Each structure stands twice: as C-alpha cells, then as structure tokens.
Amino acid sequence: MIKIFATDKVKELDQYTIQHEPISSIDLVERAATTFVHEFCRRYSKQVRIVIFAGQGNNGADALAIARLLNEESYRVETYLFNPTEHLSVECEQNKQRLLDMERIEFTEVVRDFEPPTLTDRDVVIDGLFGSGLNRPLTGGFAAMVNYINQSEAEVVAIDIPSGLFGEDNRKNDSEAIIKASLTLTFGFPKLAFLFPENEQYVGEWKILDIGIHPDAIYETASPYSLVTEEDISYSLKSRKRFAHKGTFGHALLIAGSKGKMGAALLSAKACLRSGAGLLTVHIPTRGESIFQTAFPEAMLSLDANPDYFSTVPEIGSYSAVGMGPGLGQHLESAAAIERILQSSTKPVVIDADAINIMASNKDLFNKIPPRSILTPHPKEFDRIAGESTNSYDRLMKAQSFAAEHKICIVLKGAYTAICSPAGNIYFNSCGNPGMATAGSGDVLTGIILSLLAQDYSPETAAVVGVFLHGTAGDLAAAFRSEESMIASDITDMLGKAFKQIK
C-alpha cells in the first residue's frame, strides 16, 4: 500500500533520507526537479511558452531547478522569483545562483512592484509558489498572484501541491486564494486533500513521482492513511483448493427487495455469487418469488410473510454471513425486523442503503450492531448517521471516529472510497471511474462484500478487497461500454475479468 502522510511529516521523511541515504538537501531537490522535468517533457512539446512562478521556500527551490533543467532541454522558459522579504531558503538561494549562471535565461526577481506577464491559452504556467508546508491562507500580493493565474487561460501545472491548498484540512482556508491546476505532479505520495471532491478544481489530474524517499523512513513513519494498489489485493485473494466444494465457500444470506425495488435485490444477489460465494439465499417479499426464480435460478429463496416488504426475520444462525439493505424500503415493520437481526446475529453484518437509512432514524440501533460489521454509506447517508459535515475532511474524521467507537468498518463511498477500520486505519481505493455513478452500483458492491465475508475473509479485508474488485470491474466495464453507457449489471458482468486481472 502507498502510505499517505500528513504534510507535517514531509520534512521528517526528507531529513531521514538526507541523513541515511545519505544525500545532500540540494541534491534531493535536484532529484525531485529531474523527475518532474522528465514527466513534464513527456507531456508538453517545446512549442509552448513556459512561465514559472517560484516562491521563497523549498517549493521555490524546486521551481528554480526545474527552470534550469527545462532551459537545458531547449524549452522557452520565463521565471519569476517572488522574494518580498528578501530572504530565501538555503536551497532556493543555491538554485537561484545556478540558474543565474546559465546563459540566455529570462529571469525576474520580484521584491516589490510587479507587472505580471500576459498569459494566453498557448502558455503553460508551472506553479512553485508554496508547497505542502503552508498552514495559513494566502493573502496580499500572493493571493492576488494566484487570482491572476486562475483568471488566465494558461494551463497550470503544480509542483507537489497547488499553492494555497492545505494538505489535509481546508475548512479554514480561503477558497479564492488557491491555485487551480490542471495537473499536479506530487512527490513521493499523494496528499490527503487530493482525495476529496471539493479539491478537484485545484488539483486537477494528479500523478505521484518517485523521488527516492528512503524506504526505511516510509516503513518506520506511522500513518493511518494508505492508498490501496492492485498488488495489495492480489496478495489478499485466496486460492481455491482442488477438492473444495460449494460449502467451502460459505452460505450467504441477503435480505433485500420490496415492491418496486426487486431489481436492487437481484443486482446484489448476482454480484454475490459472481464474487465466489458457494451458496446464496435471498430473503425477499413473496411478490418477488417468480421474478427471482426466472431471472436468477442460481439463488435460493427465503420468502417473507409480507408480499411487499421485509417484515419477518429468517433463522440466521446457519449462515456464514448476512447482508441487508438493497431495495429494502423504510417500513416500520422492516425497522423492527432489522433491530431483531442486529440483536440476534453473532457474526458481522453487511448493512447498506435503506437499512442504513432506517438505522439513521433510530440511532440507538448503532449500539446493537455486531462488532466488525460493515456499513456502506454514500456521503449523504453517512451525514444522516453522524450529522452534517462542513467538508469531506470533516466527514472522513467523523467516519474514522464512528468506526472506532462502534468497532465497525465504514465504507464511505466516493471517487476514492474510504474504508475506515475499527482500529482507526483508513484505506483509500485507487480504481473506479465516474461511469459507476449509476443506479444499482452500490447494490452490486454490497453483494461483493457479502460474498467475501461469507468466504471467511476478515471484515476489514472483505471491505477493502470488495471495493477494489468493484472498482476494477467498473473500469473494465467502462473500457467496454464507455462511462456514459455503463449500467450496474455491466459491473457484475466484468467481475470475472476483474478477478483474472488482479490475480
């Protein structure tokens, strides 16, 4: 997994690398700049004009080194160094001198008055004003400069992090004083803020550049955050033994469906068996029997006493895992039945959709959830549980606390779905696409996670692996169907290829 470190740890990681590699600080800046330039040259032709804005600190040092290296690559580069206090970091001063030692450079050091260059849609701005160490909103001339860049038609590439953006919590930031980049080339690992939807307008596309941070520093520095990779999941998937039988892979119980919403139950059920569960029983209202027997004969049925919605609790003791919620509806009898399941289950339960909404209306039910159960809310559903959040960081912190308090897993769905474990760890998913924002996609995810839980994966692993399988299948479906044309059943149809790809 790729660890995601808080920005206050960045200097510690750099310092460890400097001391233990060993490497000088200026050479580490040079390494970062070289990596940046290699990626930049791969993306941009030498026909563009490059305008670089550098600040006084080490982000500015990176920018000045990049200016020199791009000059050496025969790009046309104009460089502006903002130095209003006439004090540069040691590395920034050194790189300023290295740049001045070159022939035929366009360099301006700004101390007081500044006439900004005209920026057009044919220009590329490289933003190196402020790095990840920033902890207060930009004001004055720097805020004005950011606004000027944002108002221009130039494409903006940020070094490490867009200037003005805080690496984690931006609740107290000034949204008008943050660079809006179309591309952010970040060093070592992503910043937590990159994973929140409200920051997409600032970060744009982002890519991690490996600058050789010492592996021992990464290993020894603790962080609750990590980005899950395909390699991690490939190690987590269980192999099947030759003499295995359907009982080996568990018997899942899915409680789902109501009048007008039997499709949700069907989507979730198909995803469950497509993800490897040996047996599946679906508890549905009696009205849905003929639909299921015809559309999905592989599933067994448990019929509710009510023809239209969930009202009676089946015997759950014999099942390997229980999931509930897709298309369930929010009837009073359903709420009472959910409470009885929570009280009687001795195993973790997967809780989604209407089951979450029912529980949100009676918050005492959360104290009855079996330990290590898995809740899969989207942001609005989670807000119903834990209260409105001011931004995504606030919501994530609430989810982390909620998971720890109730000893459950929270799968907070989104572009980078966050899986919050009872131990306080947060795993961000790295795959998936906007085409998955379609009706029934969450029902498919519930079926996948339920299947893995039934196969005796730990709840934490079932949640992390399930989300990644879901995202990978979604990416394969988008490649085949397009993001616009994808529907939820396309995700299920691609689960087999997703397993193959990951293995």
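Everything numeric in this text was worked out from a predicted model, so none of it was measured.

1. Points about the UniProt feature "binding site: AMP" (unreviewed entry) in the protein
Right, so step 1: Cross-referencing UniProt, the feature "binding site: AMP" (unreviewed entry) maps to Lys413, Gly414, Ala415, Tyr416, Thr417 and Gly442 in the present numbering. Look at the named residues: they lie 30 residues apart in sequence, but the longest C-alpha span between them is just 14.2 Å, so in the fold they bunch up.
Right, so step 2: Within the secondary structure, Gly414 is located in the loop between strand S16 (409–412) and strand S17 (418–420).
Right, so step 3: Look at Gly414 and you get partly exposed, because its relative accessible area is 47%.
Right, so step 4: Positionally, Thr417 belongs in the loop between S16 and S17.
Right, so step 5: Among residues more than four places away in sequence, those in contact with Thr417 are Val411, Leu412, Tyr427, Phe428, Asn429 and Val467.

2. What about the packing of aromatic side chains?
Right, so step 1: With the rule as written, the count across this model stands at 15 aromatic pairs.
Right, so step 2: Summarising the aromatic geometry, the rings of Phe5 and Phe189 are spaced 5.1 Å apart at their centres and angled 70 degrees between planes, so their arrangement reads as edge-to-face. Of this pair, Phe5 sits in the loop between strand S1 (2–4) and helix H1 (10–20) while Phe189 sits in the loop between strand S7 (183–187) and helix H6 (200–203), placing them 184 residues apart in sequence.
Right, so step 3: Aromatic pair Phe36 and Phe40: ring centres 6.3 Å apart, planes at 15 degrees, arrangement stacked. Highlighted residues: Phe36 and Phe40, both in helix H2 (residues 25–43), separated by four residues, approximately one helical turn.

What counts and what doesn't
Residues numbered from 1 in each chain as written. Predicted model: local features only at pLDDT ≥ 70, side-chain atom pairs only at ≥ 80, totals over all residues. Heavy atoms only, no water. UniProt positions renumbered as here; feature names shortened; annotations may be inferred. Helix = DSSP H or I, 4+ residues; strand = E, 2+ residues; numbered from the N terminus. Buried < 20%, exposed > 50% of the residue type's maximum accessible area, 1.4 Å probe, protein only. Contact = heavy atoms within 4.5 Å. Phe/Tyr/Trp six-rings, centres within 6.5 Å; stacked < 30°, edge-to-face > 60°.

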